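# Observations on chain architecture
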Amino acid sequence: MTGIAVRGVAKDFAGTRALDGIDLDIRPGELLALLGPSGSGKTTLLRSIAGLEPLTAGTIHFGGEDATGLRVQDRKVGFVFQHYALFRHMTVAENIAYGLTVRPRAERPARQEILRRVDELLDLVQLPGIGKRFPGQLSGGQRQRVALARALAVEPRVLLLDEPFGALDAQVRKDLRRWLRDIHQRTGHTTVFVTHDQEEAVELADRVAILNRGRVEQVGSPDDVLDHPANAFVAGFVGQAVRLDVTVEDGQVRAGPQTLATAPPGARPGPAALFLRNRDLAVGSAEGAALTGTITGIARSAASRRLEIRLAEGLPPIEAEVGLDFAAARGDVVGLTLATLRLFPRDPEVGGT
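Not measured: the values here are computed from a predicted model. (Residues numbered from 1 in each chain as written. Predicted model: local features only at pLDDT ≥ 70, side-chain atom pairs only at ≥ 80, totals over all residues. Heavy atoms only, no water.)

### Some thoughts on the overall build of the protein chain
Keep this limit in mind: Strands here are runs of E lasting at least two residues and helices are runs of H or I lasting at least four, both read from the DSSP assignment and numbered beginning at the N terminus. Working definition: with a 1.4 Å probe on protein chains only, accessible area under 20% of the residue-type maximum means buried, over 50% means exposed, and in between means partly exposed. By definition in these notes, contact holds between two residues if any of their heavy atoms fall within 4.5 Å. Working definition of accessibility: Shrake-Rupley area with a 1.4 Å probe, residue cover restricted to the visible protein chains. Lys and Arg are tallied as positive, Asp and Glu as negative. Neither His nor the chain termini are counted. Here the site of a charge means NZ on Lys, CZ on Arg, CG on Asp, or CD on Glu.
Assigned secondary structure in the protein chain consists of 9 helices and 20 strands. Viewed in the frame of its principal axes, the protein chain has a C-alpha envelope of about 80 × 45 × 35 Å. Out of the 353 residues belonging to the protein chain, those deemed buried represent 47%. Counting only contacts in the protein chain whose residues sit at least 6 apart along the sequence, the fraction spanning at least 24 positions is 67%. With an accessible surface of roughly 16,900 Å², the protein chain has 48% of that area assigned to carbon and sulfur atoms. The distance from the centre of the 43 positive side-chain charges to the centre of the 43 negative ones in the protein chain is 6 Å.

Quick look at the structure:
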């Protein structure tokens with residue numbers, strides 16, 4: 001298993017900095033997700049690791065080897081694209097074998113060994129017996145499995161996936177997530193994948209790297225980035241948080257006329273940003289409650305209801321999740337308790353979603 005060390009990596013496109021001094025350690029055998037908004041540098045970083053983008057500055061090491069100047073084929077990476085990139089005129093077996101058949105003669109396995117490897121990979125990706133079909137005869141999910149088999153055929157040191165499920169419908173994506181996690185556990189490849197889907201990142205990855213404006217904001221386990229965001233950007237980006245501009249004063253957190261909660265120890269007095277997710281609020285009776293809000297909307301999800309609540313005029317609505325047995329109607333006033341406080345010094349350029 002090969003670890004990856006990214007040091008001071010920068011990449012400019014026509015004077016625009018896409019990567020701005022990235023430092024990142026990817027552990028041997030781990031599954032790392034690159035997550036961030038559009039334009040954050042996720043795909044550029046992945047392509048830089050693959051050798052598809054020359055660096056403006058910095059180095060990339062695979063294990064103890066400096067791979068910065070190596071050609072793509074010499075880095076021994078497997079790359080899976082969002083739109084499969086299969087050769088339509090080739091059979092499934094020929095697609096999978098392609099990376100082996102184009103090797104120099106001295107490095108090319110024997111024909112029987114290539115056929116054995118193709119059959120082995122078709123079994124691994126749970127598509128036995130389809131080697132003679134063409135890509136046009138397969139579903140989107142099947143084509144993506146074939147694309148992964150092709151990437152694995154060359155026995156890569158590192159496996160790189162660029163939004164591998166982005167072109168598939170929701171149910172197929174969920175099925176393939178579980179399948180990819182299983183494949184990773186069975187093969188043990190160091191794997192890096194780009195996604196814009198937060199649920200996908202936290203479900204699949206051992207760790208998640210949050211990118212923004214070409215920089216790494218935080219790297220940590222899914223629990224780390226969800227429960228302990230490093231800064232206001234991560235708090236606002238991950239977990240569908242709503243931002244409230246608040247003030248910390250006399251040990252209290254206030255939003256407009258409302259006192260929301262007691263400030264956490266060490267909170268700096270003055271303007272701050274509070275990020276709330278729908279599970280951060282406990283909803284109950286308004287009677288005797290120190291904090292109340294008015295229900296302005298109700299939406300049903302599979303196993304709960306999501307309430308839109310306005311604390312006061314001029315403040316953005318917040319959301320809370322309640323059980324299906326919670327009696328609620330638009331216009332009701334409810335009591336609220338903040339179970340979690342994600343409070344950061346106010347940065348006017350950072351917002352929630």
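The structure having been displayed, the exposition proceeds.
### Remarks on helix α6 (residues 170–187)
Going by this rule: Any helix carries an expected span of 1.5 Å times its number of residues minus one.
With 18 residues, α6 extends 26 Å from end C-alpha to end C-alpha; this agrees with the ideal 26 Å at 1.5 Å per step. Elements that come into contact with the buried residues of α6 comprise β3 (31–35), α4 (111–124), α5 (140–153), β7 (158–162), β8 (190–195) and α7 (198–204). Downstream of α6 by a residue or two, Gly188 has a phi angle that is positive, lying close to 75°.

### With respect to unusual backbone geometry
Positive phi is not limited to glycine here, since Glu155 has a value of about 50°. Of the residues examined, Glu155 reaches a relative accessible area of 56% and is grouped as exposed. Positioned with a positive phi, Asp250 is a non-glycine residue whose angle comes to about 50°. Here Asp250 shows up in the loop between β11 (242–249) and β12 (252–255).

### A look at the side chain of Asp162
Here is the rule: Any Lys or Arg side-chain nitrogen found within 4 Å of a carboxyl oxygen on Asp or Glu counts as a salt bridge. Polar contact criterion, stated in full: a pair of N or O atoms within 3.5 Å, where within protein one must be able to donate a hydrogen and the other to accept it, and residues adjacent in sequence count only if both atoms are side-chain atoms.
Relative to the elements of secondary structure, Asp162 occurs in strand β7. Buried and unpaired, Asp162 has Arg47 as its nearest opposite-charge partner, separated by 6.0 Å. Polar contacts involving the side chain of Asp162 include one to the side chain of Thr43, which spans 3.1 Å.

### A closer look at the packing of α4 against α5
In plain terms, the rule: Comment: axis = line fitted to C-alpha atoms, over the contacting stretch for helices; angle = value between 0 and 180 degrees taken between N-to-C directions. Roughly parallel here means an angle under 35 degrees, roughly antiparallel means over 145, roughly perpendicular means 65 to 115, and every remaining angle is called oblique. In this scheme the handedness of a crossing depends on how the near helix is turned from the far one: anticlockwise by less than a right angle means left-handed, clockwise means right-handed. Residues are sorted three ways: Asp, Glu, Lys and Arg are charged, Ala, Val, Leu, Ile, Met, Phe, Trp, Tyr, Cys and Pro are nonpolar, and all the rest, Gly among them, are polar.
Running from N to C, α4 and α5 cross one another at 135°; their axes reach a closest spacing of 10 Å. Here α4 is positioned oblique relative to α5, judged by the angle of their axes. Here α4 runs over α5; the crossing is right-handed. In this structure, α4 contributes Arg117, Leu121 and Leu124 to the contact, and α5 contributes Ala149, Leu152 and Ala153. Looking at the contact of α4 with α5 residue by residue, the classes come out as 5 nonpolar, no polar and 1 charged.

### Digging into a nonpolar patch on the surface
We count it as follows: Like-charged residues within 9 Å of one another, or nonpolar side chains (Val, Leu, Ile, Met, Phe, Trp, Tyr) within 5 Å, are grouped into patches, provided each residue has over 30% relative accessible area and no salt bridge.
Together, Leu52, Val72 and Phe81 give the surface a local cluster of nonpolar side chains, amounting to about 190 Å² of exposed area. Its location among the elements puts Phe81 in the loop between β6 (77–80) and α3 (92–101).

### Observations concerning the sheet that holds strand β10 (residues 215–220)
As a reminder, the rule being used: Paired strands, as defined in this entry, are two strands with at least two bridges between them according to DSSP.
One open sheet holds the 6 strands; their spatial order is β6-β7-β8-β3-β9-β10, and the pairing between them is mixed. The outermost strands of the open sheet, each flanked by one partner alone, are β6 and β10. Here the average twist between neighbouring strands, direction ignored, is 20°. Direction of pairing for β7 relative to β8: parallel, over a ladder of 5 bridges. Residue pairing across strands places Asp162 opposite Val194, the latter belonging to β8. Across the sheet, helix α1 (residues 42–50) lies against β3, β6, β7, β8 and β9 (207–212), angled at about 150° from β7, the strand it touches most.

### Side note on the pairing of β6
Burial along β6 is two-sided: Val77 and Phe79 facing one way and Gly78 and Val80 facing the other are all buried. Inspection of the sheet shows β6 paired to β7 by 4 bridges, in the parallel sense. Within the sheet, the bridge partner assigned to Val77 lies in β7 and is Val158.

### Some words on the nonpolar core
Our working definition: Only buried Ala, Val, Leu, Ile, Met, Phe, Trp, Tyr and Cys residues count toward a nonpolar core, and they belong to the same one when joined by side-chain atoms within 4.5 Å.
Ile96, Val146, Leu148, Val208 and Ile210 are the most contacted members of the largest nonpolar core, which has 45 residues in total. The greatest single-element share of this core, amounting to 7 residues, is contributed by α5. Excluding anything up to four places from it in sequence, Leu148 contacts Val80, Leu159, Leu161, Trp179, Leu180 and Ile183.

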